[in-house]
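Below are the chains, spelled out letter by letter.
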Amino acid sequence: MKSISRAATAIALTTAMASTASFGQTASKPSFTGFGVGANLSFVKNSMDVTSGLSDLANNSTEASVTASYGYAMGKDWVGTFGLSLGLKNSDYGSYTSGGITSTATAKQHIAVSFAPGYRISNDGLVYGKLALHQMTVNYMSTSGFDMTKTHQGTGFGIGYAHALTPSLEFSVEYETVKFDTQNTAANSTAQPKQGNLNLGITYRF
């Protein structure tokens, strides 16, 4: 009977230890990896280099976007994240008035894809760099009746920090600069949008 009792005790202890180890593995599941969805709020410094009789445009605005991402482990402390961002609101590049004519530029349909390699600085913190490809449609208008839409392609570079509030919920803050290509907007006139973005994001990972 003592042998049976001892065997039962050993089995119980082994089962408890295995359960504890399994729980520990689940609890220590790496953050920042897997599929995620979220939203971004951006505080944007817009500028527009114009080669014509108009002055360059500049204006501060806010943008909102929905995001999707996938993070994967690149090594013990390294995480790579692919991201997609879809803008939800227009962004105003400001206006310029000359000779009684006011010209404006409004950005629409802002889409970006990105890759962000990051280094885990703790169980809950990740610092990362970001390379992004942007596409943005800009509507150029003036009170003289001029109305033209151009699609600009751009490249963004950023640096940021993400913090895991829970194993599934992350908060991030980053700064990104974006430079778009130059498009002809009229005879002897070109425009090149630029942005400086302070992005605040929230992501839920499944």
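Residues numbered from 1 in each chain as written. Predicted model: local features only at pLDDT ≥ 70, side-chain atom pairs only at ≥ 80, totals over all residues. Heavy atoms only, no water.

Asks: An account of the packing of aromatic side chains is needed here, citing residue identities and associated values.
Replies: By convention here, two paired aromatic rings are described through the distance between centres and the angle between planes. Enumeration according to the criterion identifies 5 aromatic pairs in this entry. Seen in terms of ring centroids, Trp 78 and Tyr 119 are 5.0 Å apart; in terms of plane orientation they differ by 65°. Their pairing is edge-to-face. Taken together, the residues Trp 78 in strand E3 (residues 78-87) and Tyr 119 in strand E5 (residues 101-120) connect sequence positions 41 residues apart. Residue Tyr 119 is classed as partly exposed on the basis of its relative accessible area, which comes to 34%. A connected cluster of aromatic rings, assembled from ring pairs, spans Phe 35, Tyr 204 and Phe 206. (Phe/Tyr/Trp six-rings, centres within 6.5 Å; stacked < 30°, edge-to-face > 60°. Helix = DSSP H or I, 4+ residues; strand = E, 2+ residues; numbered from the N terminus. Buried < 20%, exposed > 50% of the residue type's maximum accessible area, 1.4 Å probe, protein only.)

Asks: Talk me through the side chain of Asn 139; I want residue IDs and the actual numbers.
Replies: With respect to the secondary-structure elements, Asn 139 resides in strand E6 (residues 125-142). Polar contacts involving the side chain of Asn 139 include one to the main-chain carbonyl oxygen of Met 148, which spans 3.3 Å. Separated by 3.3 Å, the side chains of Asn 139 and Thr 149 make a polar contact. Every residue in contact with Asn 139, bar those within four places of it in the chain, is listed here: Thr 104, Ala 105, Thr 106, Lys 108, Asp 147, Met 148 and Thr 149. (Polar contact = N/O pair within 3.5 Å; in protein donor to acceptor, adjacent residues only side chain to side chain. Contact = heavy atoms within 4.5 Å.)

Asks: I'd like a description of the environment of Thr 67, backed by residues and values.
Replies: Among the structural elements, Thr 67 can be located in strand E2 (residues 57-73). In the structure, Thr 67 is positioned 27 residues away from Asn 40 in sequence and 7.1 Å away in space, judged by C-alpha atoms. Aside from chain neighbours lying at most four places away, what touches Thr 67 is Gly 36, Val 37, Gly 38, Ala 39, Asn 40, Leu 84 and Ser 85.

Asks: Explain the nonpolar core to me, using residue names and the numbers behind them.
Replies: As a rule of thumb, nonpolar side chains are buried together in soluble globular proteins. Ranked by size, the top nonpolar core spans 12 residues in total: Met 48, Val 50, Leu 57, Tyr 93, Ala 105, Ala 107, Met 136, Val 138, Tyr 140, Val 178, Phe 180 and Ala 191. For this core, the secondary structure elements donating two or more residues are strand E1 (34-51), E5, E6 and strand E8 (169-180). Tallying contributions element by element places E6 first for this core, with 3 residues. (Core = buried A, V, L, I, M, F, W, Y, C linked by side-chain atoms within 4.5 Å.)

Asks: Describe the pattern of salt bridges, listing the residues and the values that go with them.
Replies: This structure, assessed with the given rule, holds 4 salt bridges. One salt bridge in this structure joins Asp 49 and Lys 194, with 2.9 Å as the shortest N-O distance. Taken together, the positions of Asp 49 in strand E1 and Lys 194 in strand E10 (residues 189-205) put the pair 145 residues apart, joining distant regions of the chain. A salt bridge links Glu 170 to Arg 205, with the shortest nitrogen-to-oxygen separation between them at 2.7 Å. Of the two residues, Glu 170 is situated in strand E8 and Arg 205 in strand E10; the sequence distance between them amounts to 35 residues. Note on accessibility: Glu 170 and Arg 205 belong to one class, buried. Here the residues in one salt-bridge network are Lys 130, Glu 174 and Glu 176, joined through shared partners. (Salt bridge = Lys/Arg side-chain N within 4 Å of Asp/Glu carboxyl O.)

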